[in-house]
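# What the coordinates show
Listed here are the chains, written in short residue letters.
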Amino acid sequence: MLFNSIEFIFVFVPVVLAGFFLLARLSRAVALAWLTAASLFFYAWWNPWWLPLMLASMGWNFSIGRALGQAATALVRKRWLVLGIGVNLALLIHYKYSGFIGDNALALLGQAREPSVNELPLGISFFTFTQIAFLVDVYQRKAADFNVVRYGLFVTYFPHLIAGPILHHREMMPQFERAEIFRFDAALLAAGSTIFVLG
């Protein structure tokens with residue numbers, strides 16, 4: 001779903017905003033869960049087959065982040081960090097560069113063929129590097145939020161999911177702790193709509 005598509009502008013955004021503000025009257029946690037679910041739906045819209053990969057990546061990094069946060073010594077924390085980053089980079093290399101590496105290896109062996117063209121998981125670089133940044137922040141004791149819904153929102157939040165930028169947990173998540181974002185404000189909606197149209 002493109003940001004300039006009719007589906008995004010006239011269906012997805014109004015439904016997400018209405019749901020967010022209505023649910024926020026009941027509970028902020030429920031409103032954040034709604035945003036997380038909407039972001040996962042947004043991601044799956046393009047190709048639902050890649051959603052399990054993203055969820056597995058999130059589960060892995062959330063678990064490694066918790067292990068990092070609970071590690072008793074600097075050495076154990078460093079080992080968890082290296083393992084977490086290593087798996088993330090292996091995932092990225094597999095999906096983005098395995099065809100390139102395989103094609104070049106065959107070419108070196110004199111078995112040239114048509115270059116491989118594989119469909120890449122949408123936004124894999126953004127959600128992978130965002131999670132690596134989270135692990136580094138936890139390692140440096142700059143992040144310690146291990147709520148699964150909030151973590152899911154941090155990784156999948158649809159405005160940055162497929163186009164970036166790569167965010168740090170400490171930059172994004174404190175914004176979701178501010179009470180005023182859970183209340184509808186026509187002036188803020190007008191300002192945001194203006195920025196969206198200009199963009």
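A brief structural summary. As the structure is a prediction and not an experimental result, all values here were calculated from the model. (Residues numbered from 1 in each chain as written. Predicted model: local features only at pLDDT ≥ 70, side-chain atom pairs only at ≥ 80, totals over all residues. Heavy atoms only, no water.)

Take the side chain of Ser57 next. Within the secondary structure, Ser57 sits in helix H3 (residues 51-70). Among all residues touching Ser57, those that are not within four sequence positions of it are Asn88, Leu91, Phe127 and Gln131. (Helix = DSSP H or I, 4+ residues; strand = E, 2+ residues; numbered from the N terminus. Contact = heavy atoms within 4.5 Å.)

Turning our attention to the packing of aromatic side chains. Tallied over the full model, the rule gives 23 aromatic pairs. Between Phe134 and Phe146 the ring centres are 6.4 Å apart and the planes differ by 80°, which places this aromatic pair in the edge-to-face class. A residue pair is termed long-range when its members are at least 10 positions apart, and Phe134 in helix H5 (residues 124-139) and Phe146 in the loop between H5 and helix H6 (148-156) qualify at twelve residues. Residue classification places Phe134 among the buried residues on the basis of a relative accessible area of 0%. (Phe/Tyr/Trp six-rings, centres within 6.5 Å; stacked < 30°, edge-to-face > 60°. Buried < 20%, exposed > 50% of the residue type's maximum accessible area, 1.4 Å probe, protein only.)

It is worth spelling out the layout of surface pockets at this point. When its volume is computed, the largest pocket comes out at roughly 1,300 Å³. Lining the largest pocket are 32 residues, with Leu17, Tyr157, Pro159, Leu189 and Gly192 sitting closest to its centre. Elements with a contribution of two residues or more to the lining of the largest pocket: helix H1 (6-24), helix H7 (158-161) and helix H9 (186-198). With eight residues, H1 is the single largest residue contributor to the lining of the largest pocket. Among the residues making up the lining of the largest pocket, the classes are represented as 23 nonpolar, five polar and four charged. (1 Å grid on protein atoms, 1.4 Å probe; cavity = no way out; pocket = protein on both sides within 12 Å on 5 of 7 lines; lining within 4 Å. Points joined across faces, edges and corners; volume = space filled by probe spheres on them. Nonpolar A, V, L, I, M, F, W, Y, C, P; charged D, E, K, R; others polar.)

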